[in-house]
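# Structural features, examined
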Protein chains: 2
Amino acid sequence: MTEPILRGDRSAACDELFKALSDGTRRTILEYLVREGEQSVHALTAVSGVSQPMVSRHLGKLKRASLVTARRSGRETYYTARAKGLAPIVRWMAVYGALWSQRFTALEGLDAY
Amino acid sequence: MTEPILRGDRSAACDELFKALSDGTRRTILEYLVREGEQSVHALTAVSGVSQPMVSRHLGKLKRASLVTARRSGRETYYTARAKGLAPIVRWMAVYGALWSQRFTALEGLDAY
DNA sequence: ATGAACCATAACCAATGGGTTATGGGATAG
DNA sequence: CTATCCCATAACCCATTGGTTATGGTTCAT
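Rules behind the numbers
- Residues numbered from 1 in each chain as written.
- Chains lettered and ligands numbered in written order.
- Predicted model: local features only at pLDDT ≥ 70, side-chain atom pairs only at ≥ 80, totals over all residues.
- Heavy atoms only, no water.
- Buried < 20%, exposed > 50% of the residue type's maximum accessible area, 1.4 Å probe, protein only.
- Helix = DSSP H or I, 4+ residues; strand = E, 2+ residues; numbered from the N terminus.
- Contact = heavy atoms within 4.5 Å.
- Salt bridge = Lys/Arg side-chain N within 4 Å of Asp/Glu carboxyl O.
- Pairing = 2+ DSSP bridges.
- Axes fitted to C-alpha atoms, helices over the stretch in contact; angles between N-to-C directions.
- Near = heavy atom within 4 Å.
- Polar contact = N/O pair within 3.5 Å; in protein donor to acceptor, adjacent residues only side chain to side chain.
- Nonpolar A, V, L, I, M, F, W, Y, C, P; charged D, E, K, R; others polar.

All names here are of chain A. Turning to helix 3 (residues 41-48), its buried residues number three or more, namely Val41, Leu44, Thr45, Val47 and Ser48. In this structure, the buried side of helix 3 is in contact with helix 2 (24-36), strand 1 (39-40), helix 4 (52-64) and strand 3 (76-81). Gly49 lies just past helix 3 and shows a positive phi near 85°.

Let us now look at unusual backbone geometry. Residues and elements named next belong to chain A. Backbone geometry at Ser66 places phi at a positive 65°, although glycine is not the residue there. Note on placement: Ser66 falls in the loop between helix 4 and strand 2 (68-73). The class of Ser66 is partly exposed, set by a relative accessible area of 34%.

Take the pattern of salt bridges next. For the coordinates displayed, the defined rule picks out eight salt bridges over all chains. In this structure, the salt-bridge partner of B:Lys19 is B:Asp15, at a minimum N-O distance of 3.5 Å. You can see B:Lys19 and its partner B:Asp15 sitting in helix 1 (residues 12-21), four residues apart, about one turn around the helix. One salt bridge in this structure joins B:Arg71 and B:Glu38, with 2.9 Å as the shortest N-O distance. Here the residue B:Arg71 occupies a position in strand 2 (residues 68-73), and B:Glu38 occupies one in the loop between helix 2 (24-36) and strand 1 (39-40), the gap between them amounting to 33 residues. Overall, the relative accessible area of 39% leaves B:Arg71 in the partly exposed class. Taking the relative accessible area as the measure of exposure, B:Glu38 reaches 36% and is therefore partly exposed. One connected set of salt bridges, linked through shared partners, spans A:Asp15, A:Lys19 and B:Arg27.

Moving on to the sheet that holds strand 3 (residues 76-81) of chain B. Residues and elements named next belong to chain B. Spatially, three strands are ordered 1-3-2 in an open sheet, and the strand pairing comes out antiparallel. Of all strands in the sheet, those bounded by a partner on one side alone are strand 1 and strand 2. Strand direction decides the pairing type here: strand 2 and strand 3, joined by six bridges, are antiparallel. Residue pairing in the sheet places Arg71 in a bridge with Tyr78 of strand 3. Packed onto the sheet, helix 2 meets strand 1, strand 2 and strand 3 and runs at close to 85° relative to strand 3.

Let us look at the protein's contact with DNA strand D. A:His58, A:Lys61, B:His42, B:Gln52 and B:Ser56 are the nearest of the 24 residues found near DNA strand D. Residue B:Arg75 places a side-chain N or O atom 3.1 Å away from a base oxygen belonging to DNA strand D. Between B:Tyr79 and DNA strand D, the recorded distance is 2.9 Å, taken from a side-chain N or O atom to a phosphate oxygen. If you tally residues by element for the surface near DNA strand D, the top one is helix 4 of chain A, at five residues. Across the surface near DNA strand D, the residue classes break down as seven nonpolar, nine polar and eight charged.

These figures come from the coordinates and say nothing about function on their own.
Right, dumping it as structure tokens:
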């Protein structure tokens, strides 16, 4: 097709992150890790509503997106939510939230900015 | 499988949003709309690097995610970025960012919170 | 040494998704 | 009226993905 004149992306990290967060099960797992702290795959399986292999794969994607870290201890693997993981999309939203704010002066009660 | 004991999600809006933002082309289009304001499909096609039907479909998904609005005028359809669209995930990140901040006191220079 | 527990990977399936070209319909220009 | 432009939808292709069950490798307990 036509040339991609606009190349405003350049951020593969955001791709990874948004894709990782776009699945409900994955968000559920991540939220649980954030709230309850480090958990084994076993514990997460009991809580996530899907099979253990699926939990492992979800954790793999979260890890590739730098949203969790893994620590192996004996036969168990403990996963922990990684605070800095959200940074790229926080930054992305800061940039475009700011542009939005500039353009539309009436934000109609959009808080959290 | 086991029962989904943890039901911390309940937010289909975040699903829609994260999924919409997880594609680079879609973010490119959205960023362009944010920066340049209302644009026709024609203009977006010239700039996005993909075919016109694909632009239409991407815009459809952005619209379903409430990230853009459409205004038809004659034979052209003008799309506009919708400021409030990001609100649900801003809120989501505020909640889990806050929990994260509580749990890990050392944020290691994560700004934008 | 055996067996059980925990985890990861493989093999497979149905569904979704990004991409294309082709088509059709409404609005505008000549 | 006809041709053209703009957009959306359809039909199709291939890659990815969420899910499953089956398997294999470690580690722990007995």
